[in-house]
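Summary of the model geometry
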Amino acid sequence: MSRSFESSSPLPSEPDDAIPSKLADGLAELYAVPRVPPSLDSAILNAARAHLAGQVHRRTVFSRHGRLLRWAGAGAAAAAAVAAVLLVTIRPHTPPVTPRNAIAGDINGDGRVDILDAYLVARALADKSRTAPLPAAWDVNHDGVVDQKDVDWIANAAVRVGPAGNSKLAESTDVFDLAENLKSIGARGERSKLALLPGNAHGARTVDVATDASHAVSGLAATSGGHRTILPDAAKGAEAP
Amino acid sequence: MPPPTDPRSDAELVEALNGGDPSAFDALYYRYRDRVSRLALRFTGNEQDALDVLQETFAYVHRKFPGFRLTSAMTTFLYPVVKHLSLAARRKRMRMFGDDLALDSAAAGEAAPDSAGVRAELSAVLAGLPLTHREVLLLRFVDGFSLEEIAAVMKIPLGTVKSRIHNALATLRADPRTRAYFDP
């Protein structure tokens, strides 16, 4: 049996780039390709096509011996389709457009800045299949890029509430729920745990709520519709006293 | 049914996939299906697990799109994926059957080929090779990897690849059980 000469022996003068056909046949027989059933080919290709088509679904694919393989898809295109349906349902005349008026942050051009504007930007940022650049008008903080800071800016502008509880924000199941929760928090005027944070001025409290709202919006935008269980932890916040 | 051989290169297929062309995935799949399944069988030692690894490997691949950038050969990209999934499958199977010794072997690399079947002597001599020598030999002459691809996936110098192949073949040539394979 040969020793290992790796570290001390010179390189072979000729590379061993071919082997006798008998040995090649022996290796091929010993390491044969397993037979792949056509049904497995189809399952693999269908799963890929579904993903590439951007479908948001849960598909169960049966392996060769009935073992379940679960596929969780959170395709951005399908999530955007869900959001688009919701947007049309609630605001049929305000598709996402570059704002034509002078209101910075009014992404959908409805004349006001609210959490739906933040959501539209967050949704676009989360859409990894997007190739077209985002409108320059969405760069509301004028730093040269459209990014999460613009979502934060819009969320901050959208949240004009006084002392308010933020626990409801984490319970928002979609962006419209979030918008309603923000309104209800303001209307009830609840004392917020934020108010108990040391050194917080009124402005700081507003930013905290806006931060939570922004986080909630981004979390919803990154998913297939904003289910409660997948909101980011940052948005769950503290319980109102 | 496999489609006719696609003339596009791997890079062109990746670009087409990023552009949303599902036929490009079909082409990639059939191009690498046998190689992946054979590699998976070698690592898992079990046909059922190998086919599951095949499925999981290509699921991993399609989830990379759109936006995937092929920065190396497709074989270099696929190899660690297949190996990782295969070893995980083997460990799971070994845990289920409580075979601790085999679990250690699974962690070390490939499963032993069927030593009781055909080509028993060849199998036995191969099993006696150092793991790294055997892997390089099989990557070259069973899986068809180029020397450069082997160097890339094993993260070793090209010279080491050549040296290991040379030493593995020298062992096979010298062993009386496998000397006949080298007879003209």
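Residues numbered from 1 in each chain as written. Chains lettered and ligands numbered in written order. Predicted model: local features only at pLDDT ≥ 70, side-chain atom pairs only at ≥ 80, totals over all residues.

Topic: the overall build of chain A
Summing up its helical and strand segments, chain A has 8 helices and 2 strands in all. Beginning at the N terminus, the succession of helices and strands in chain A can be written as α-α-β-β-α-α-α-α-α-α. For chain A, buried positions account for 35% of its 241 residues. Pairs at least 24 apart in sequence give 59% of the contacts found in chain A among residues at least 6 apart. (Helix = DSSP H or I, 4+ residues; strand = E, 2+ residues; numbered from the N terminus. Buried ≥ 20, exposed ≤ 12 C-beta atoms within 10 Å, placed from the backbone. Contact = placed C-beta atoms within 7 Å.)

Looking at the overall build of chain B
The number of helices and strands found in chain B is 9 helices and 0 strands. Its helices and strands taken in sequence order, chain B reads α-α-α-α-α-α-α-α-α from the N to the C terminus.

Some points on the environment of Gly20 of chain B
For Gly20 of chain B, the position within the fold is in the loop between α1 (10-18) and α2 (22-44). Leave out the neighbours within four places in its chain, and Gly20 of chain B touches Leu52 of chain A together with Pro66 of chain B.

So, helix α4 (residues 115-126) of chain A
Note on helix geometry: an α-helix contains 3.6 residues per turn, so any two residues three or four positions apart are oriented the same way. Residues and elements named next belong to chain A. In this model, α4 (12 residues) spans 16 Å end to end at C-alpha, consistent with the 16 Å of a helix rising 1.5 Å per residue. Counting buried positions along α4 yields 10 of 12 residues, so the element is predominantly enclosed. Taken together, the buried positions of α4 are occupied by Ile115, Leu116, Asp117, Ala118, Tyr119, Leu120, Val121, Ala122, Arg123 and Ala124. (Expected span 1.5 Å × (residues − 1).)

A short note on the confidence of the model for chain B
When pLDDT is averaged across chain B, the result is 87; 87% of the residues are at 70 or more. The complex prediction reports pTM at 0.51, with the ipTM value standing at 0.85. (pLDDT = per-residue confidence, 0-100.)

Quick notes on unusual backbone geometry
Only a minority of non-glycine residues have a phi that is not negative, and only a minority of peptide bonds are not trans. Note the cis peptide between Phe65 of chain B and Pro66 of chain B, where omega equals -5 degrees. Its place among the elements puts Pro66 of chain B in the loop between α3 (47-62) and α4 (74-97). One non-glycine residue, His142 of chain A, adopts positive backbone phi at about 55 degrees. Its place among the elements puts His142 of chain A in the loop between α4 and α5 (148-158). Note on His142 of chain A: 10 C-beta atoms within 10 Å, which makes it exposed. The residue Lys155 of chain B is not glycine, and still its phi comes out positive at about 55 degrees.

Digging into the packing of α2 of chain B against α4 of chain B
Residues and elements named next belong to chain B. The geometry of α2 relative to α4 is characterised by a closest axis approach of 9 Å and an angle of 35 degrees between their N-to-C directions. Where α2 crosses over α4, the two elements pack in a sense that is right-handed. Between α2 and α4, the contacting residues are Tyr32, Val36, Leu39, Ala40, Phe43 and Thr44 on the first element and Met74, Leu78, Val82, Lys83, Ser86, Leu87, Ala89 and Arg90 on the second. Residues that form the contact of α2 with α4 fall into these classes: 10 nonpolar, 2 polar and 2 charged. (Axes fitted to C-alpha atoms, helices over the stretch in contact; angles between N-to-C directions. Left-handed = near helix turned anticlockwise from the far one by under 90°. Nonpolar A, V, L, I, M, F, W, Y, C, P; charged D, E, K, R; others polar.)

Things to note about the nonpolar core
A general tendency of soluble globular proteins is for nonpolar side chains to be buried together. Residue and element names in this part refer to chain B. Among the nonpolar cores identified, the biggest contains 52 residues, and Ala40 and Val82 are the most heavily contacted of them. Ranked by the residues each element gives to this core, the list is headed by α2, at 11 residues. Looking at this core, you find at least three residues from each of domain 1 (1-111) and domain 2 (113-179). Ala40 has contacts with Ala50, Val53, Leu54, Val82 and Ser86, leaving out every residue within four places of it along the chain. (Core = buried A, V, L, I, M, F, W, Y, C linked by C-beta atoms within 7 Å. Domains from an automatic or database assignment.)

With respect to the confidence of the model for chain A
Residue and element names in this part refer to chain A. Looking at chain A, the pLDDT average stands at 62 and 39% of residues meet or exceed 70. When pLDDT is averaged over each helix and strand of chain A, the minimum, 43, is found for strand β1 (residues 58-62) and the maximum, 92, for helix α2 (residues 38-52). Segment residues 55-66 is flagged for pLDDT under 50; beyond a separation of four residues in sequence, or across chains, it makes 35 contacts in the model.

Comments concerning the packing of α2 of chain A against α3 of chain B
It is the contact of α2 of chain A with α3 of chain B, at a shortest axis distance of 10 Å, that shows an interaxial angle of 15 degrees. On the basis of the axis angle, α2 of chain A is roughly parallel to α3 of chain B. Between α2 of chain A and α3 of chain B lies a crossing of right-handed hand. Contacts from Leu40, Ala43, Ile44, Ala47, Ala48, His51 and Leu52 of chain A in α2 of chain A reach Leu51, Gln55, Phe58, Ala59 and His62 of chain B in α3 of chain B. Of the residues contributing to the contact of α2 of chain A with α3 of chain B, the split by class is 9 nonpolar, 3 polar and no charged. (Parallel < 35°, antiparallel > 145°, perpendicular 65-115°, else oblique.)

Thoughts on helix α9 (residues 158-174) of chain B
Residues and elements named next belong to chain B. Across its 17 residues, α9 extends 24 Å between first and last C-alpha, which sits within 8% of the 24 Å expected from 1.5 Å per residue. Three or more residues of α9 are buried, namely Val161, Lys162, Ser163, Arg164, Ile165, His166, Asn167, Ala168, Leu169, Thr171 and Leu172. Buried residues along α9 sit against α6 (120-128), α7 (131-141) and α8 (147-154).

Digging into the environment of Arg42 of chain B
Residue and element names in this part refer to chain B. By the element assignment, Arg42 lies in helix α2. According to the C-beta neighbour criterion, Arg42 is buried, with 23 such atoms within 10 Å. The spacing of Arg42 and Lys83 is 41 residues in sequence and 9.4 Å in space, taken between C-alpha atoms.

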